[in-house]
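# Fold and geometry: a report
Single-letter residue listing:
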Amino acid sequence: MTKGNALETAEKKATLASLTPDLGEDLHSSFLKASSKPMGSFLNPLRRPSRLIETTRLYSPGDPIQAIDWRAFARTDQLLIRQVRDESTAKVLIGIDLSESMNWPPEDLKQRSLANTVPKKSEIALRIGFFLGSLHLKMGDEVQIWAVVKDRDLSPSARLQPKSITELRQLFTELETERFNGTLTSRVFHQAHLERTRHDLGYWIGDGLGDADFKLFLGFARKQLMLHLLSSLEADISWVSSQALYYDETHIKKQYLGHTLLENQWYQKELDHWREDIRKSLNHTNASYFLVTNDTRIDLFTKMIFDYFKSLNVSSNVGAS
Amino acid sequence: MGETLGPLMYTPTMFTMGLLGTCLVAGFLWWIVRRKEDRIWLPTIRILPLESRILPKIMIRVPPLVAFLCFLGILGALLFLSTKPKSQIFRTFDPNQSKHLIFVDFSPSVSRHISLEDLKILVKATCDQLIGNGKVQGATSHKKEVYSFDHCEDFDRMLQTLDFHRAGLKLGEAIKKTMALGVDVDHIYIVSDRDQHTWIDFNWNFLRDEAEVYLVDTSKPQSGGGNLYINNAQMLTQLQASPGSTSSEWDIEISRTFDEGEYQGTLQVVYENQTIKEHRFAMSPGRKRQTYRVDWQTTPPPKGSLQGTNPFVVFQIADQQPKIENQILLDDRFYAYYSSKKQNIMVIAENSGEQSLEDPLGPLMASLDTLGFTMERKDFIDQGKTLDTTRDLLIIAGGDSTQAERFCPTTHQVKDPSGSPTNDETPLGNVWLAPLNTQIDYFEMCRCLGRLLPKNGAFKVAACEHVHTRKDWVTLLPSIGGKQIGGTLGTQGDALAYFFKSIVAFTMPLAPQKSLGLSFAKLPILVRDLLTWQGLYQRQTLSRKSEWPRFADIATDLWDQTDIEKPTQISNVPIGESDLNTMDSTDLPPIWNPLQNNLAKTVPMKRDMDDPVPWIKLVFMLLIALTGLELLAWLGVKVHKITKMRLAPLWIGAFLGWVHGDLSYAKVEFGVYGNKDANLSIKFLAKEVSARTSIELTSAPFRVLQLDGSSLTLPWIWISDINGLITPDTSIKAGGEGSLKGSPIGSFTNDLMMWLRRGGFLVLETNLSTNQLQQLTKNLGTAEVTPWLPLPPDHELMRSFYLIDALPDCQGEIWRGLQFDGRLAILAIPYGFLDSLKDKRLKPNCGRPMDQEYSTRVFVNLIMVALATDYKKDQIHLPEILKRLR
């Protein structure tokens, strides 16, 4: 086995807990972009019909009539649409939930041996957010990273607007050095008011447990991706001891004994139901949904993001404007 | 005192230690549980629905430690206080284990039933009987003491020194105090009578937890007689007594309990051991109590003194006529304070009228009289004479246009016994100086005060020049050093009086007056309070009423007293004891009779009332039932969860089937008509049939009571009496032809034909001949009916199950059959075939016993034919049958 192979294997085993913006370099692949110009990642299919067509497809109801190639219709009696692939700078919104429930597992749980290796969800969220930001900056897009820093906020109130990849990476290095300390996070993000302007791509990274209205946030963008981030300890509660008491007193004061949660996989079923509900509700707005945890492998995660981009390109329809 | 719990003894001390131990264990458990507490924040709990899909779990929460320990303690205490052994396990007899206490009541009420000697003999007998059974201790009602002895003679010797004591004993307190000495007993024998006063308030049932209580009864049924006693003696006050009387006058109340007849006697008054007065009294018939007034010349004249002992007078009854058996002698004497040594008060006041209401000082004097003072009233002072200083209080009321010299004495008038002027600072003693009324000029009052006060004091008579009104008076008094009495301190107008050492100068008249806020009711109280404050009035020594102590319970009042020489030790008999009431015997303990050597239990010992075991059992049963119910509910929910309601109809169906369903089974039953056995049972036959074949036969055939169309619903009818089938007037037996009921084509014949056509099978037990049978069934005659024929050897009846070569005949008569619709429809058996098969077999009238096995086989074949007719004609089994036949 060569050294490169070994590195590759190690990288495959790496999880999101070690995700950094630097890893995004490998994603700059040709099949994602039509041209090598660093103009942006967002495909603009609404160019006027020209002779320099790239593809032609059959008209489907809803397509703009001016995009129809009438000459071809005269020849063939078929309504054809001419498409030109081009790219433009996309406006990318990345929302990160940093509210109370993301600050889990807490220190006292971490002190237990079972959870001492599990990072907080907020750390993973920041890693993913910076990674995505770096990815889009590299492809020439405008990136805004918003964060929910107050518990009861419905929408993010803090913003980070990196000008360059270098700046983003520098900030990330600081955060990583400080172990994603909450105070530093509030320094990196600045108070701002989220305005209702259209963006091209929207990401939400959060656990969905807080008060933040991620659907509202994602509604600001045309293409939406919900990265549902749970801790691996939340996604799988096999570590739960049956006699201990588990509680959450934030909204409704609830507590359950461990064996109640484990009985008939009650917890797991409810969790699946919940995720399904979120996914279904996002389908109404054409948003995509992925579940990630700190145990998600980086290679699988990047493949997921690749596939998402691919699906964006394939299904980019004319009527989206 | 230990309690018996099964074979165990437990004591409160042991229990307390056990409780402490339990609490420690509980605390340790609490600590363990507390250590195990593990509370972990899991935010995803938010998404879980409330307990709508899962049974609520019993959650073990750590209770607060103190409350938990308190709960445990209360639980233990409740258990300890409420539980009691259901049945006492008596220990094996051990003389040293039984502990007896003999309590001897020496009350006067006992003396009316039994003499002192007899009482001691009774106690000795009781003791003698008990001394062999264990340890005996003794106690008497004289004092709080328990005597331990080894021989009854020791106790008896001690008793010989004792006599009946004063009246007033209540057993409750006496026994309680005796037991409080730490006596360890399990049997208490109370030697007493049934006197109500003695027994009342004694809840002896309470003692049964510790000891059995018995009464050694000294009372005897009384024949005649009764008690005569002095109920009360009261000295008359000065105003009640005759005016001007210098003698002591007393009201004596004498009561009696016996029959109301004329009764006479002498009432003696004894003072200092001398009879100073004898008074004849006669009680009128019909009176139970009567009051007599006795007076005697006071000799020697009592001296007013608050010091020293209080003399008393004794009233006693003597010389009764007629003689009756006076059952308590102690209460013939009555002690009373001879309060002739009363306090003297000199009142100097001008009397403005004869009537008491006209006299401004009338109410004051009445108040003083009620309080027991004697008063000497003067209108004015004889200035030249020496004042008598034996009085305790001088009340001067003046100022009414009279000069001070007229009503006001001076200190010069007081002389020593030797006649020389006294050097006493307060020679006049206690003086009250009050205005006679509200209209007086206070100038003379002021001058009088000047005469009373020491000459060398701060007060100068010259200051009186400007004193004329009450306002001047109350301004003057504090200025010369008077201390305020009454009213708000410092507010002169409110003051009742001002006080100068021994002189009280009032600012208002001592008479009820609305404007002063002094009512007739308040005045005596005010006077009493003032006298008490000055130390002139003591309730016990001055009251004229006979407040000589009556000790209703000497155990309460005297047992704990150490100074037994106090004169109050002499007491009057309590009324409760004098009136000779007795307790109902149902309220008394079981009676122990030492002389008859047996125990007469007049009261059943009810222990089931306080037995908690049934209640504890009930609680546990309820607990178990509730747990079972909860378990059922839990199971139901579990089942519901498993089946998820899809199978609910199935479950309900199963449940309903279980409730309402019955095992489906098929049994062959045939009807029997005319059998003489009312309780026809073919249990053995049915067993045989079911053992040999797959056919189940009912153990008793259905009894057909009347043959008619409605009875032809059964498919198989066995007729033992042919007469039910034929018309009554057509006898067959007499050689007549007989005919079916309803013949020729009547209702029954028609029904019978239809029934046969439907498949009915009729068995007749009859020895009719072929012709007779033919005649009987002629009306059935249609093309389907064949003539009656003997059953041929190849008939299906011979081979339907068993292979039979012949059917049992009866005196030559054989079995015949009537074929209908190609099958055997009516079978005529010439004898009582069924009777030979039933449980209580009868010998058939054929003269020879039938082979039981043979008959059974025939019956099995018959039942096969009845059910399956000639199924073997299908010839499936023919080769096998032929092979067998060969």
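Reference entry: report on the structure contained in this document.

Criteria and thresholds
- Residues numbered from 1 in each chain as written.
- Chains lettered and ligands numbered in written order.
- Predicted model: local features only at pLDDT ≥ 70, side-chain atom pairs only at ≥ 80, totals over all residues.
- Heavy atoms only, no water.
- Helix = DSSP H or I, 4+ residues; strand = E, 2+ residues; numbered from the N terminus.
- Phe/Tyr/Trp six-rings, centres within 6.5 Å; stacked < 30°, edge-to-face > 60°.
- Buried < 20%, exposed > 50% of the residue type's maximum accessible area, 1.4 Å probe, protein only.
- Pairing = 2+ DSSP bridges.
- Axes fitted to C-alpha atoms, helices over the stretch in contact; angles between N-to-C directions.
- Contact = heavy atoms within 4.5 Å.
- Core = buried A, V, L, I, M, F, W, Y, C linked by side-chain atoms within 4.5 Å.
- Buried area = accessible area lost by both parts, 1.4 Å probe.
- Salt bridge = Lys/Arg side-chain N within 4 Å of Asp/Glu carboxyl O.
- Polar contact = N/O pair within 3.5 Å; in protein donor to acceptor, adjacent residues only side chain to side chain.
- Nonpolar A, V, L, I, M, F, W, Y, C, P; charged D, E, K, R; others polar.
- Disulfide = S-S within 2.5 Å.

Between Trp-104 of chain A and the following residue, Pro-105 of chain A, the backbone shows a cis peptide bond with an omega angle of 5°. Among the secondary structure elements, Pro-105 of chain A is positioned in the loop between strand E5 (91-97) and helix H3 (107-111). Although it is not a glycine, Asp-201 of chain B adopts a positive phi angle of roughly 70°. As for its placement among the helices and strands, Asp-201 of chain B is situated in the loop between helix H7 (196-199) and strand E8 (212-217).

Right, let's get into the packing of aromatic side chains. Residues and elements named next belong to chain B. Applying the stated criterion to the full structure yields 33 aromatic pairs over all chains. Residues Trp-716 and Phe-761 carry aromatic rings whose centres are separated by 5.8 Å and whose planes lie at 45° to one another, so their mutual orientation is tilted. Here Trp-716 is found in strand E27 (residues 716-719), whereas its partner Phe-761 is found in strand E28 (residues 761-765), with 45 residues between them in sequence. Considered together, Trp-716 and Phe-761 belong to a single accessibility category, that of buried residues. An aromatic cluster is defined as three or more aromatic residues linked by ring pairs; in this entry it consists of Phe-670, Trp-716, Trp-718, Phe-761, Trp-815, Tyr-831, Phe-833 and Phe-859.

On to the sheet that holds strand E22 (residues 503-506) of chain B, then. All names here are of chain B. Pairing in this open sheet of seven strands is mixed, and the strands run E17-E16-E18-E19-E22-E21-E20 from one edge to the other. Strand pairing shows two members of the sheet lacking a second neighbour, strand E17 (374-378) and strand E20 (483-485), which therefore form its edges. Recorded for the sheet is a direction-independent mean angle of 20° between the axes of neighbouring strands. By the bridge criterion, six bridges tie strand E18 (residues 393-398) to strand E19 (residues 430-435) in an arrangement that is parallel. Paired with Leu-394 across the strands is Val-431, a residue of E19. This element, helix H11 (residues 470-479), spans E19, strand E21 (497-500) and E22 of the sheet and lies at about 30° to E21. Running over the sheet, helix H12 (residues 522-533) touches E18, E19, E20, E21 and E22 and is turned about 150° from E19.

A few words now on the nonpolar core. Residue and element names in this part refer to chain A. Ile-128, Leu-132 and Phe-301 are the most contacted members of the largest nonpolar core, which totals 47 residues. In terms of residue count, the dominant contributor to this core is helix H4 (residues 121-138) (nine residues). Ignoring sequence-local partners within four residues, the contact set of Ile-128 consists of Leu-16, Leu-19, Ile-205, Leu-227, Val-292 and Phe-301.

Our focus in this paragraph is the sheet that holds strand E15 (residues 333-337) of chain B. All names here are of chain B. Across the sheet, four strands lie side by side as E12-E11-E14-E15; this open sheet has antiparallel pairing. Two strands in the sheet have a free side with no partner beyond their single neighbour: strand E12 (274-283) and E15. On average, each strand axis in the sheet is inclined to that of its neighbour by 25°, with strand direction left out of account.

A few words on the interface of chain B and chain A. Of the residues lining the interface, 22 residues belong to chain B; the matching set on chain A comes to 35 residues. Buried surface at the junction of chain B and chain A, summed over both partners, amounts to about 3200 Å²; 62% is from carbon and sulfur atoms. The largest contributions to the chain B side of the interface with chain A come from Arg-39, Trp-41 and Arg-46 of chain B, which together make up 25% of the buried area. Scanning the region where chain B abuts chain A turns up two salt bridges. Residues Asp-248 of chain A and Arg-46 of chain B are paired through a salt bridge, measuring 2.8 Å at the closest nitrogen-oxygen approach. At the junction of chain B with chain A, the criterion picks out eight residue pairs in polar contact (both at pLDDT 80 or more). Mapped by element, the contributors of at least two residues to the side of chain B that touches chain A are strand E3 (39-41) and helix H16 (613-643) of chain B. Looking at which element gives the most residues to the side of chain B that touches chain A, the answer is E3 of chain B, with three residues. Here the side of chain B that touches chain A is built from residues that sort into 12 nonpolar, one polar and nine charged.

Time to look at helix H8 (residues 362-370) of chain B. Residues and elements named next belong to chain B. Most of H8 is tucked away, with seven of its nine residues classed as buried. Among the residues of H8, those classed as buried are Gly-362, Pro-363, Leu-364, Met-365, Ser-367, Leu-368 and Asp-369. Turning to H8, the residues buried within the fold contact strand E16 (344-349), E17, E18 and H12. Once H8 finishes, Gly-372 follows within two positions and takes phi at roughly 100°, a positive value.

As a further point, take the environment of Thr-291 of chain B. For Thr-291 of chain B, the position within the fold is in strand E13 (residues 289-296). Discounting chain neighbours no more than four positions away, the residues touching Thr-291 of chain B are Asp-251, Ile-252 and Glu-253 of chain B.

Attention now moves to the environment of Thr-469 of chain B. For Thr-469 of chain B, the position within the fold is in the loop between helix H10 (442-452) and H11. Under the relative-accessibility criterion, Thr-469 of chain B is labelled partly exposed at 41%.

Residues and elements named next belong to chain B. Considering all chains together, one arrives at three disulfides over all chains under this definition. The partner cysteine of Cys-127 in its disulfide is Cys-152, sulfur to sulfur 2.0 Å. Disulfide Cys-127-Cys-152: the torsion about the S-S bond is -90°, which places it as left-handed. Of the two residues, Cys-127 sits in helix H4 (residues 116-131) while Cys-152 sits in helix H5 (residues 152-160), which places them 25 residues apart along the sequence. For Cys-408, the disulfide goes to Cys-448, at an S-S distance of 1.8 Å. Measuring handedness by torsion sign, the sulfur bridge of Cys-408 and Cys-448 sits at about 75° and is right-handed. One end of the pair, Cys-408, is in the loop between helix H9 (404-407) and E19; the other, Cys-448, is in helix H10, and 40 residues separate them in sequence. Among the cysteines around Cys-23, which has no disulfide bond, Cys-70 carries the closest sulfur, lying 8.9 Å off. Of the residues examined, Cys-23 reaches a relative accessible area of 18% and is grouped as buried.

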